Amino acid sequence: MDTIIELFTYDFFVNAFWASLLAAISCGIVGTYIVSRRIVFISGGITHASFGGIGMGYFLGINPLIGAGIFSILSGMGIQLFSSKGKVREDSSIAIWWSLGMAIGIIFVYLTPGYAPNLMSYLFGSILTVSSSELWLMLVLSLIIVLFFTLFYRTILYISFDEDFARTSSLPVDLFNYLLMILISLTIVLNIRVVGIILILSLLTIPQATANVLTREFGRMMVYSVGFAFLASFVGLLISYFANIPSGATIIFTQVVLFGLVKLIKAFYLNYNK
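Please read all numbers here as calculations on a predicted model, not as lab measurements.

**Q** Account for the packing of aromatic side chains, with residues named and values stated.
**A** A complete count under the given rule lists 16 aromatic pairs for this structure. Between Phe17 and Phe234 the ring centres are 5.5 Å apart and the planes differ by 85°, which places this aromatic pair in the edge-to-face class. Linking Phe17 in helix α2 (residues 11-37) with Phe234 in helix α14 (residues 218-243), this pair joins segments that are 217 residues apart in sequence. Exposure remark for Phe17: the relative accessible area of 18% places this residue in the buried category.

Okay, structure coming up:
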């Protein structure tokens, strides 16, 4: 216990702790919408498409996260636009943007002179290297997400579970679809440094699956998802630090273990109370 407390004297660990909390808030809330709306595949498309922005960022000499943010938002808008207006099947639209982003990213990384030393941290995550500026961006995003979902809770709830009913109720469904797509894109980009492009989708789905074991109510599922995401992220962070293994993969592994434990505990509880 003393060793864990001592870790909080190091700035990099404090940053990692706050990154775990902020990632849990943003991914827990947005991920609940993604899982409830059953658009996990869309999120996967945006996630991988963001690599195009990272590659362009390296090539242009700007922060790769800025490039990833722009490319992710454009990809999210493109998927939505192709599906709703372009009469392209949603899965085809996702595949197009997914492939385009990865291809552009690979091309620009190859064209960039020298070696890209931080590329692996964007692919697989490196929570111990999250900077203070990235933390501030994560904080702003988390506040925006909490405020947005609080103010428009019922509208988001209707759209998540019955979009046709939402349209017949004269709710601005298309506007909210685009706004939520932007929030999904930004959530993905700003949490890339926590678990990486390869694993970010897990942070948006596994805590929600764990929460869904205990509840099917949308509001509670968001709260439980945040709690499970933070618990797994912090425990995974500690394990990765002491075992000297990759943090992103350890966090996701811990989330899967937590999901299994919750399932087992509930099954045991139900059998015991028969």
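Alright, that's what it looks like, and here's the rest.
**Q** Which residues make up a nonpolar patch on the surface, and what are the values?
**A** On the surface, Phe59, Leu60, Ile62, Ile66, Ile70, Leu74, Ile107, Tyr110 and Leu111 cluster together to form a nonpolar patch covering roughly 940 Å² of accessible area. At the level of secondary structure, the elements contributing two or more residues to the nonpolar patch comprise α3 (40-60), α4 (64-84) and α5 (90-111). Relative to the elements of secondary structure, Tyr110 occurs in helix α5. Using a relative accessible area of 70% as the deciding quantity, one classes Tyr110 as exposed.

**Q** Talk me through unusual backbone geometry; I want residue IDs and the actual numbers.
**A** For Ser170, which is not glycine, the phi dihedral falls at a positive 65°. Along the chain, Ser170 turns up in the loop between α9 (163-168) and α10 (173-190). Backbone geometry at Asn244 places phi at a positive 55°, although glycine is not the residue there. Note on placement: Asn244 falls in the loop between α14 and α15 (247-272).

**Q** Could you give an account of the packing of helix α8 (residues 153-161) against α10, naming the residues involved and the relevant values?
**A** Interhelical geometry of α8 versus α10 gives an angle of 95° and a closest axis separation of 11 Å. Here α8 lies roughly perpendicular to α10, going by the angle between them. Between α8 and α10, the residues in contact are Thr155, Ile156 and Ile159 and Val173, Phe176, Asn177 and Leu180, respectively. Classifying every residue of the contact of α8 with α10 by side-chain character gives 5 nonpolar, 2 polar and no charged.

**Q** Lay out the pattern of salt bridges with the relevant residues and their values.
**A** Enumeration over the complete set of coordinates arrives at 1 salt bridge. Between Arg167 and Asp174 there is a salt bridge; the shortest N-O distance is 3.0 Å. In this structure Arg167 comes out as partly exposed when scored by relative accessible area, which is 38%.

**Q** Explain α14 to me, using residue names and the numbers behind them.
**A** Between its first and last C-alpha, α14 extends 36 Å over 26 residues, near the 38 Å set by a 1.5 Å rise per residue. Sitting at the amino-terminal end of α14 is Glu217, which places a side-chain oxygen 3.2 Å from the backbone nitrogen of Gly219. Among the residues trailing α14, Asn244 stands out with phi positive, at a value near 55°.

**Q** An account of the environment of Ser43 is requested, with residue identities and associated values reported.
**A** Checked against the element boundaries, Ser43 lands in helix α3. Given a relative accessible area of 0%, Ser43 falls into the buried group. When neighbours within four sequence positions are excluded, Ser43 is seen to be in contact with Ile34, Ile184, Ile188 and Leu201.

**Q** Describe in detail α15, supporting the description with residues and values.
**A** Helix length check: α15 (26 residues) gives 37 Å between terminal C-alpha atoms against 38 Å at 1.5 Å per residue, within 8%. Within α15 the residues assigned to the buried category are Ser247, Gly248, Thr250, Ile251, Ile252, Thr254, Gln255, Leu258 and Val262. Where the residues of α15 are buried, they touch α6 (119-124), α11 (192-195), α12 (200-203), α13 (206-214) and α14.

**Q** Could you give an account of the side chain of Ser20, with specific residues and numbers?
**A** Along the chain, Ser20 turns up in helix α2. Taking the relative accessible area as the measure of exposure, Ser20 reaches 0% and is therefore buried. With near-sequence residues (within four places) excluded, Ser20 lies in contact with Ile127, Phe230, Ser233, Phe234 and Leu237.

Procedures and definitions
Residues numbered from 1 in each chain as written. Predicted model: local features only at pLDDT ≥ 70, side-chain atom pairs only at ≥ 80, totals over all residues. Heavy atoms only, no water. Phe/Tyr/Trp six-rings, centres within 6.5 Å; stacked < 30°, edge-to-face > 60°. Helix = DSSP H or I, 4+ residues; strand = E, 2+ residues; numbered from the N terminus. Buried < 20%, exposed > 50% of the residue type's maximum accessible area, 1.4 Å probe, protein only. Patch = residues over 30% accessible without salt bridge, like charges linked within 9 Å, V, L, I, M, F, W, Y side chains within 5 Å. Areas by Shrake-Rupley, 256 points an atom, 1.4 Å probe, with all protein chains shown as cover. Salt bridge = Lys/Arg side-chain N within 4 Å of Asp/Glu carboxyl O. Axes fitted to C-alpha atoms, helices over the stretch in contact; angles between N-to-C directions. Parallel < 35°, antiparallel > 145°, perpendicular 65-115°, else oblique. Contact = heavy atoms within 4.5 Å. Nonpolar A, V, L, I, M, F, W, Y, C, P; charged D, E, K, R; others polar. Expected span 1.5 Å × (residues − 1). Polar contact = N/O pair within 3.5 Å; in protein donor to acceptor, adjacent residues only side chain to side chain.

The quantities given are spatial measurements derived from coordinates; they are silent on function.
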